[in-house]
Amino acid sequence: MLLLFKTLIIILSILFTYSLSFSQQLASPIAPGELPPDKQIGILVGFGSNFQSGEFYVECDDCIFDKGNGFGFTIGALYEHEIFESLYLGAQVLFDIMDITSTYRERESIKFKIEGTDDYETVPVLFRHIGEVDLSYFTLAPYIKWSTADFLYFKFALNGSFVINANIKHSQELLDKKALLSNGETATISFGTGKGNTLTLQDEKLPQLNSFQLYLSSAIAFNFRLSHRLFFSPEFQYNIPMNNISEYGKNFKINSWRFLIEIRYSLKEDRISYIK
């Protein structure tokens, strides 16, 4: 965690130094002072979907999970600096929830003893297998923002994410409650644990985790001015992973999209106050 804060301080220091290099020029009797570049700070929050590409495995040899998806949540803060007209350089600090769940059904052959005999009969029973991967990230994301108009901008970022939580859980849910035997009898099916129709088979830290994740992120947003310095921007963001989240699978990656609300405050001085 100390490394994360050191990295954040370095990024903010670079941005601050870069900001000073573009600081305003003082007015003189010959040439009026130039307006300083715009600088903005802000917060953002949003939700959307995480979805899986590739496959992930569990301890069960024949259990393979794919096409998983789940609820995603992002919250964070940002700082940005105008480097040219309509072009900004910035950085975001984010917390992301990247959970996914994948399920499939299959019939397994279960042996039942026929009452009053020593014989057994095999009956196919329907189960649902549930694979859950719980993930949360701490993300540092330098970005470039291009405003094509006052009301519209595009943002392109390279996200460096540190995985701070990663857990995998495999459960089996019993879908058939009864089984009809060949002698006409009906057998009741249960796990026999007294804990319902779902049995947890695995619940542990995600094996073979790649704890650092790289994402390419792009976004489009509409920009609304709430006051002289306050801006409100609904934003759609799409994130593409560059590496596997875990090698405990095949090309196992987690993609995501978000609807975000961004609120920014401009630190730029007024023209009148600046001339004074």
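Residues numbered from 1 in each chain as written. Predicted model: local features only at pLDDT ≥ 70, side-chain atom pairs only at ≥ 80, totals over all residues. Heavy atoms only, no water.

Can you break down the pairing of strand β14 (residues 249-266) residue by residue, with the values?
Note on strand geometry: in a regular strand, side chains alternate between the two faces of the sheet. Sheet topology places strand β1 (residues 39-57) next to β14; 16 bridges connect them, and they run antiparallel. Paired with Gln52 across the strands is Ile254, a residue of β14. Two elements, strand β13 (residues 230-241) and β14, share ten bridges in a ladder whose sense is antiparallel. Among the inter-strand pairings, Leu230 is bridged to a residue of β14, identified as Tyr265. (Pairing = 2+ DSSP bridges. Helix = DSSP H or I, 4+ residues; strand = E, 2+ residues; numbered from the N terminus.)

Mind laying out a nonpolar patch on the surface, listing which residues take part and the relevant values?
A cluster of nonpolar residues, Leu158, Phe212, Leu214, Leu216, Ile220, Phe236, Tyr238, Ile240, Met242 and Phe259, forms a patch on the protein surface that exposes about 850 Å² of accessible area. Listing elements by their share of the nonpolar patch, those giving two or more residues are β11 (212-222) and β13. Of all the elements, β11 adds the most residues to the nonpolar patch, at four residues. Its location among the elements puts Leu214 in strand β11. (Patch = residues over 30% accessible without salt bridge, like charges linked within 9 Å, V, L, I, M, F, W, Y side chains within 5 Å. Areas by Shrake-Rupley, 256 points an atom, 1.4 Å probe, with all protein chains shown as cover. Salt bridge = Lys/Arg side-chain N within 4 Å of Asp/Glu carboxyl O.)

Pulling in residues and values, what's your account of the pattern of salt bridges?
Charged atoms that come close allow side chains of opposite charge to pair. Throughout the structure, instances matching the rule amount to seven salt bridges. Notably, a salt bridge pairs Arg107 with Asp176, separated by 3.2 Å at the nearest N-O pair. One end of the pair, Arg107, is in strand β5 (residues 100-113); the other, Asp176, is in the loop between β7 (152-174) and β8 (178-180), with 69 residues separating them in the sequence. The shortest N-O distance in the salt bridge between Lys155 and Glu262 comes to 2.9 Å. In this pair, Lys155 sits in strand β7 while Glu262 sits in strand β14, placing the two residues 107 residues apart along the sequence. A cluster of three or more residues bridged by salt bridges with shared partners is formed by Glu80, Lys145, Lys155, Glu235, Glu262 and Arg264.

Can you tell me about the confidence of the model for the protein chain, naming the residues and giving the values?
Confidence in the prediction of the protein chain, expressed as mean pLDDT, is 86, and 83% of residues score 70 or more. Throughout residues 18-28 the model reports pLDDT below 50, and contacts reaching past four residues in sequence, or to other chains, amount to 19 contacts. This stretch, residues 271-276, has a pLDDT under 50; its non-local contacts, to residues over four places away or in other chains, come to nine contacts. (pLDDT = per-residue confidence, 0-100. Contact = heavy atoms within 4.5 Å.)

Give a description of the nonpolar core that names residues and reports values.
Soluble globular proteins tend to bury their nonpolar side chains together. Counting 18 residues, the largest nonpolar core has Val133, Leu135, Ile245 and Ile254 as its most contacted members. When residues no more than four places from it in sequence are discounted, the contact partners of Ile254 are Asn50, Phe51, Met98, Ile100, Leu135, Tyr215, Pro241 and Ile245. Counting residues in hydrophobic clusters, the runner-up holds nine residues, among them Phe112, Val123, Val125 and Leu181. (Core = buried A, V, L, I, M, F, W, Y, C linked by side-chain atoms within 4.5 Å. Buried < 20%, exposed > 50% of the residue type's maximum accessible area, 1.4 Å probe, protein only.)

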